[in-house]
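Coordinate inspection notes
The chain contents come next:
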Amino acid sequence: MDRYDLIIVGAGPAGLAAGLYAGRSRLKTLVLESMMPGGQAAVTDALENYPGVGLVSGPELAEKMREQMSEFGAELVTGQAGALEVSDDGFSVASGGTQYSCTALIAAMGTSYRRLGVPGENELAGRGVSYCATCDAPFYKGQEVAVVGGGDSALQEALYLTRFASKVHLIHRRDEFRAVPVLAERVRAHESIECLCSHTLQSVKGETGVDALELRNEKSGETRTLEVPGVFIFVGLEPRTKLLEGLVEMDEAGFVVTDQDMKTSCRGLLAAGDCRVKSLRQVSTAVGDGATAAFTAYKFIEDGEW
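Residues numbered from 1 in each chain as written. Predicted model: local features only at pLDDT ≥ 70, side-chain atom pairs only at ≥ 80, totals over all residues. Heavy atoms only, no water.

1. Digging into the state of the cysteines
Per the stated rule, a full pass over the model turns up one disulfide. There is no disulfide at Cys 102, and the cysteine sulfur nearest it, in Cys 266, is 11 Å away. (Disulfide = S-S within 2.5 Å.)

Structure below.
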């Protein structure tokens, strides 16, 4: 069994920042990531609110974070974290047929996009139903598409899609968007975006791919059919915390409860980034969480106090 001082599960901004700070503290550190480093930031077209950086692509920022972390010795391994076990001397987790153990562990698994659960969504996922405009927008060059949601992610993705699609229908169940005002202003002013407020998606139609959407006007109760070959859904986030079920305190939605030092209710186990209970989920807050968690883990490893 490979032994480490610290294992970090997840290589989004929180996990990469934690790996950087742990490496600088000379902790033997392993970072496990099931997909690409960077988390959701890595599939975000542009970031404009990371302090001191200015406008930068998500993949570019993620790669710089990964490189900086690696320079300080944290080891990055691609693999899905299996069952997590707690013992008297720490934790053990399996990945890719290898068992790893550690004294402290930081959970930084982030979130995934929530599904609406309407008829046709699951059946046509990947065949016209998408949760990533950066990934799939080029498939719809010169075509009309729809976006469902009213938060920051939905509006950012709608704006990105206008680079490819001839028209973007933005479907939101309320009269006003939940996104920050600057995004709402850009969307409402964009000539290629049609805002369908007070509308909900009832079903996705199609056999081998998306043909049309059934929409409901929540004010009049009337339904209509919107013929589009693609729909992008951004209606919130779900924490990827199944690995921690039964080990730590969580809220009703499954987000991990921590204190200000990122400590959970399980001795030696910390949580950082979007998977924990917090009021703001941004790259900047995730990085702060990761740095704090690594510092707390270092103190725990050094003196054993929790």
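Picking up where we left off.
2. Structural notes on the sheet that holds strand 8 (residues 129-130)
One key point about sheets: their strands pair by backbone hydrogen bonds, in either a parallel or an antiparallel sense. Pairing within the open sheet is parallel, and its five strands lie in the order 8-15-9-10-11. With partners counted over all chains shown, the strands left at the sheet margins are strand 8 and strand 11 (193-197), one partner each. By the bridge criterion, three bridges tie strand 9 (residues 144-148) to strand 15 (residues 231-233) in an arrangement that is parallel. Of the residues in strand 15, the one forming a bridge with Val 147 is Phe 232. Those strands touched by helix 4 (residues 152-161) are strand 9, strand 10 (167-172), strand 11 and strand 15, and its axis lies near 170° from that of strand 9. (Pairing = 2+ DSSP bridges. Helix = DSSP H or I, 4+ residues; strand = E, 2+ residues; numbered from the N terminus. Contact = heavy atoms within 4.5 Å. Axes fitted to C-alpha atoms, helices over the stretch in contact; angles between N-to-C directions.)

3. Some points on the nonpolar core
Residues Val 147, Leu 155 and Leu 213 are the most contacted members of the largest nonpolar core, which totals 41 residues. Going through the elements one at a time, strand 9, helix 4, strand 10, helix 5 (181-189), strand 11, strand 12 (199-205), strand 13 (212-217) and strand 15 are the ones with two or more residues in this core. No other element matches helix 4, which puts six residues into this core. What Leu 213 contacts, discounting residues up to four positions off in sequence, is Ala 146, Ile 171, Leu 201, Ser 203, Val 204, Arg 224, Thr 225, Leu 226, Val 228 and Val 231. Within the second largest apolar cluster, 33 residues are counted, among which are Val 31, Met 69, Val 283 and Ala 286. (Core = buried A, V, L, I, M, F, W, Y, C linked by side-chain atoms within 4.5 Å. Buried < 20%, exposed > 50% of the residue type's maximum accessible area, 1.4 Å probe, protein only.)

4. Describing helix 6 (residues 283-303)
The terminal C-alpha atoms of helix 6, which comprises 21 residues, lie 31 Å apart, in line with the 30 Å expected from a rise of 1.5 Å per residue. Residues of helix 6 that are buried include every one of Val 283, Ala 286, Val 287, Asp 289, Gly 290, Ala 291, Ala 293, Ala 294, Thr 296, Ala 297, Phe 300 and Ile 301, and no others. Turning to helix 6, the residues buried within the fold contact strand 1 (2-9), helix 1 (13-24), helix 2 (58-71), strand 6 (98-107) and strand 17 (269-271). Gly 304 occupies a position one or two residues after helix 6 and carries a positive phi of about 75°. (Expected span 1.5 Å × (residues − 1).)

5. Digging into unusual backbone geometry
At Arg 26, a residue that is not glycine, the phi angle is positive and equals roughly 65°. Assignment of secondary structure puts Arg 26 in the loop between helix 1 and strand 2 (29-33).

6. Points about the packing of aromatic side chains
Following the criterion strictly, the structure yields five aromatic pairs and no others. Look at Tyr 113 and Phe 234: their rings are 5.5 Å apart centre to centre, the planes differ by 80°, and that puts the pair in the edge-to-face class. Separated by 121 residues along the polypeptide, Tyr 113 in strand 7 (residues 111-113) and Phe 234 in the loop between strand 15 and strand 16 (237-239) bring together distant segments of the chain. Across the pair, Phe 234 and Tyr 113 agree in class, each one buried. The positively charged end of Lys 263 is found above the aromatic ring belonging to Trp 306, 5.2 Å away from the centroid. Over the ring of Phe 255 we find Arg 281, and its NZ or CZ is 4.1 Å from the ring centre. (Phe/Tyr/Trp six-rings, centres within 6.5 Å; stacked < 30°, edge-to-face > 60°. Lys NZ or Arg CZ within 6 Å of the ring centre and 35° of its normal.)

7. A look at the pairing of strand 13
Pairing of strand 12 with strand 13, which is carried by six bridges, proceeds in the antiparallel orientation. Bridge pairing links Lys 205 to Ala 212 in strand 13. Hairpin remark: strand 12 followed by strand 13, antiparallel, with six residues in the connecting loop; positive phi at Gly 206, about 150°. The pairing of strand 13 with strand 14 (residues 223-226) spans four bridges and is classified as antiparallel. Within strand 14, the position partnered with Arg 216 by the bridge is Thr 223. Joining the antiparallel neighbours strand 13 and strand 14 is a turn of five residues, in which Gly 221 adopts a positive phi near 85°.

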